[in-house]
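Summary of the model geometry
So you can see what is in the structure, the chains are spelled out below.
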Amino acid sequence: MTDLTSSHSPDGDFLARAVALARRGDMRGAREAAELGLRSGAGQPATLHAFLGMVCARAGERAEAATHLKSAHEARPEDVTIACNLIAVLMEDGRDEDALAVATEKLAQSDASLRIARYRGFLAQKLEDFEAAVKAYELVLAKAPRDFECLNNIGNARAGLGDHAGAVEALRRAIEVDPDAAPSYLNLSSALIALERNEEAEEVLKNASTRFRKDSRPPYQLYVLMKSLLKQEEALAAVEQAAERDPNVAGIQLKLAIEYGVVRRTREAERAYRRTIELDPVEADAYLGLAIQYEHMNREEEFAPLLKRARENGLSDGHCAFIETLELRRMGRFEEGLARLESVPKDVEPIRTAHIRATLLERLMRTDEAFAAFAEANRLQEETPTDPIGRAAKLRAEIRAELDLLTPAWRDSWRKVDIEDDRADPVFLVGFPRSGTTLLDTILMGHAGALVMEEQPPLNIVEQELGGMAALPTLDAAAVASARRRYFEEVEKLQPVGEGKLLIDKSPLFLYRAPIIYRLFPRAKFILSLRHPCDVALSCFMSNFRLNSAMANFLRLENVAEFYDLCFSHWRTSRALFPIEVHTVVYERLVDDVGGEVGPLLDWLGLERNSEMLDHRKTAKARGLITTASYSQVAEPIYKRASGRWERYRPHLEAIFDVLAPWAETFGYGDPRKADGFPSS
């Protein structure tokens, strides 16, 4: 509050007496003297009101202070000191609109001190009148072009107007004036992101992270940017750095837990979720994240303790209902689970909740309701901001382009290459998703002579570094040798392959990677997992996959069918071009007679038959996190309920029969368009 006695000469005995009393510290006497002056009509009312406004403000009586200062301002609207005092009181009282009405553009233009312009810019920006804010800040910058605060603020105000280029210009100037102010870097990165200048934004945030080594904000904002660009490795590194700098922020710990979960570092994820709960006992997403992780790890015994802790910490019944529904579903109490799910609020895990409802309806054989519920869950996934439908279409187009490439002439253009290292080529377990690959890899994990690598990136990394399938003809012996070496280096990072172990690389959709596999591993064997195409398509549509570009094809039935057709067309064409060894395992036969189907496979792989490995439930419990959509089924006894399930959903699948029928007949299942279509023996 500005001291008015320094701006105005005492006017009358009352004001002089009030000022003298105030200087001696007798504020009560000073106030009484000024009020008496107003009542007597002696002196200038504006001066007395201004003085009383100052006294009341210092006493914390904002309403009375505002009343006096408003009277003074009305009498002397050009007096900057009175206006500033009134603005300050109104702002302290939360009356920003009234304060802005005092800080007029006209008064700002006439104020040589620039105080009114600063107030006007700040208030207008706060009230999202960005145009007025920019004009006010420009008044200041015209006279003080290196005013850091105004440069930073005008940058934000311009961003508010959508003038992100202007924001970038102002914020860069702000950083030049004061390179040690972290907020300007954060604001600059936001403006650059709005302009889709993501590489520049990334550089700004990395520089800020280096300059401000104790500040968690730059690495956290870098994490958000990397996440939006689908750069998972960089995103995790950034959020780890943010958490290291500020380990006591629940929100950062929660994001850290989520990102650890994405890369399957389950121990770290669980630790971060638990740390989140310690910091914020009612952070619902931490409980839900733990529950989902426990479910994927078949640690259903953890549900009850987690629920107990959630209730003790005061978590809402709605959030507890989500966890309890998972437990009820695992226990086979589907009706109770469906009823309990009704207590979950609509904004709590809406996609997962919709999917859980669908699975419960399916288990209750309420077929039409289940299909509608699965369709709704998929519709919600379509609305996520990563454009899953567009990404799925792009992948299908890429596979079509590869199919055009797959000709004898293209194959014959390859350079002749001899493999000279003594590494045994891997075995690749492929098959369209939901064809029984997870059940089969779990069984194979139980064999001491096999090391199963489940959906890991080594081959994808190598392919990307080589330049994709189009680059295969140009590879010489050195390039192939380097790529093989790189593949095994990446495998060793994940899990060393022991002496004499058979490496089985399980990734279902390597179904359309046969050419690159043959180029690098010409002695590789392929296990093809087959299942009725209609059951596969239905199961993919029903599954709650993490939406990479491939899995995004499963949100719509017509896309599932087209993707299936493209994948198997790629596989069939590749098999015609390359002499690859393939052993087929049929899902329907596997669930009917595990030993009878797995035994010949082991013989073909050169592995001894082992009856203990057929206890897939024991292996499933020991394997930890199961990342596929089959996480719950592989811990159950082998069941046959999913074989032929498509028949129940026939009316909903008819639209894709024409696409799938040729494949169903090729694989010996008969034509699904005919009522008597059935698997051949």
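Here the structure is a predicted model, which is why all the values come from computation and not from measurement.

1. Considerations on the overall build of the protein chain
Broken down by element type, the protein chain carries 36 helices and five strands. Over its C-alpha trace the protein chain gives a radius of gyration of 35 Å, far above what one expects of a compact globule, namely 26 Å for 681 residues. Seen through its C-alpha atoms, the protein chain measures out along the principal axes to roughly 115 × 60 × 50 Å. The proportion of buried residues among the 681 residues of the protein chain is 52%. For the protein chain, the proportion of contacts with a sequence separation of at least 24, taken over those separated by at least 6, is 65%. In the structure as shown, the protein chain presents an accessible area of about 30,900 Å², 49% of it carried by carbon and sulfur atoms. In the protein chain, which carries 89 positive and 107 negative side-chain charges, the distance between the mean positions of the two groups comes to 2 Å.

2. Focus on the sheet that holds strand β1 (residues 427-430)
An order of β2-β3-β1-β4-β5 is seen for the five strands of this open sheet, with the pairing classed as parallel. With one partner strand each, in any of the chains shown, β2 (450-454) and β5 (581-586) form the two edges of the open sheet. Each strand of the sheet is rotated relative to its neighbour by a mean of 20°, with strand direction disregarded. Here β1 runs beside strand β4 (residues 525-530); their pairing, made up of four bridges, is parallel. When the bridges of β4 are listed, Phe-428 appears paired with Phe-526. Across the sheet, helix α26 (residues 437-445) touches β1, β2, β3 (502-506), β4 and β5, and the angle it forms with β2 is around 150°. Docked against the sheet, helix α31 (residues 557-577) engages β1, β4 and β5, running at close to 145° with respect to β4.

3. Overview of the packing of helix α15 (residues 232-245) against helix α16 (residues 250-262)
Remark: α15 packs on α16, axes separated minimally by 9 Å, with the N-to-C direction vectors making an angle of 145°. Judged by the twist between their axes, the crossing of α15 over α16 is left-handed. For the pair α15 and α16, the contacting residues are Gln-232, Leu-236, Val-239, Glu-240, Ala-242 and Ala-243 in the first and Ile-252, Gln-253, Lys-255, Leu-256, Glu-259, Tyr-260 and Val-262 in the second.

4. A short note on the side chain of Ser-184
By secondary structure assignment, the location of Ser-184 is in helix α12 (residues 182-194). A residue is classified by how much of its surface remains accessible, and Ser-184, at 0% relative accessible area, is buried. Sequence-distant contacts of Ser-184, defined by excluding residues within four places in its chain, comprise Phe-148, Asn-152, Leu-171, Ala-174 and Ile-175.

5. Thoughts on the packing of aromatic side chains
For any pair of aromatic rings, the description consists of the separation of the ring centres together with the inter-plane angle of the planes. Going through the model one piece at a time under the given rule, you end up with 25 aromatic pairs. Considering the side-chain rings of Tyr-487 and Phe-488, the 5.2 Å spacing of their centres and the 80° angle between planes classify their relative orientation as edge-to-face. For the residue pair Tyr-487 and Phe-488, the accessibility class agrees, reading buried in each case. Measuring from ring centre to ring centre gives 6.0 Å for Phe-554 and Phe-563, while their planes differ by 55°; the resulting arrangement is tilted. For Phe-554, a relative accessible area of 2% puts it in the buried group. Looking at Phe-563, the relative accessible area reads 0%, which means it is buried. One aromatic cluster in this structure is built from Phe-432, Tyr-512, Phe-545, Phe-554, Phe-563, Tyr-564, Phe-568, Trp-663 and Phe-667. Over the aromatic face of Tyr-587 sits the side chain of Arg-531, whose NZ or CZ is 4.6 Å from the ring centroid.

6. Here's the deal with the confidence of the model for the protein chain
Looking at the protein chain as a whole, the pLDDT averages 91, with 93% of positions reaching at least 70. Here residues 2-11 scores under 50 on pLDDT; set against residues more than four positions off or in separate chains, the count is 24 contacts. Scored below 50 in pLDDT, residues 619-637 makes 61 contacts in the model with residues more than four places away or belonging to other chains.

7. Considering the pairing of β2
For β2, the buried fraction is high: five of the five residues fall into the buried class. Burial along β2 is two-sided: the face carrying Ala-450, Val-452 and Glu-454 and the face carrying Leu-451 and Met-453 are both buried. Relative to β3, β2 runs parallel, the two sharing five bridges. Paired with Leu-451 across the bridge in β3 is Leu-503.

8. Considerations on the pairing of β4
Counting buried residues in β4 gives five out of six residues, a clear majority hidden from the surface. Pairing analysis gives six bridges linking β4 to β5, with the strands arranged parallel. The residue of β5 that forms the bridge with Leu-530 is Val-586.

9. Considering the environment of Met-551
Here Met-551 shows up in the loop between α30 (533-542) and α31. Judged by relative accessible area, which is 11%, Met-551 ranks as buried. For the pair Met-551 and Phe-541, spaced 10 residues apart in the sequence, the C-alpha separation amounts to 9.7 Å. With sequence-adjacent residues up to four places away left out, Met-551 is seen in contact with Pro-433, Leu-509, Phe-545 and Arg-546.

Quick notes on the rules
Residues numbered from 1 in each chain as written. Predicted model: local features only at pLDDT ≥ 70, side-chain atom pairs only at ≥ 80, totals over all residues. Heavy atoms only, no water. Helix = DSSP H or I, 4+ residues; strand = E, 2+ residues; numbered from the N terminus. Rg over C-alpha atoms; globule rule 2.2 N^0.38 Å. Buried < 20%, exposed > 50% of the residue type's maximum accessible area, 1.4 Å probe, protein only. Contact = heavy atoms within 4.5 Å. Areas by Shrake-Rupley, 256 points an atom, 1.4 Å probe, with all protein chains shown as cover. Lys, Arg positive; Asp, Glu negative; His and termini not counted. Charge placed at Lys NZ, Arg CZ, Asp CG, Glu CD. Pairing = 2+ DSSP bridges. Axes fitted to C-alpha atoms, helices over the stretch in contact; angles between N-to-C directions. Left-handed = near helix turned anticlockwise from the far one by under 90°. Phe/Tyr/Trp six-rings, centres within 6.5 Å; stacked < 30°, edge-to-face > 60°. Lys NZ or Arg CZ within 6 Å of the ring centre and 35° of its normal. pLDDT = per-residue confidence, 0-100.

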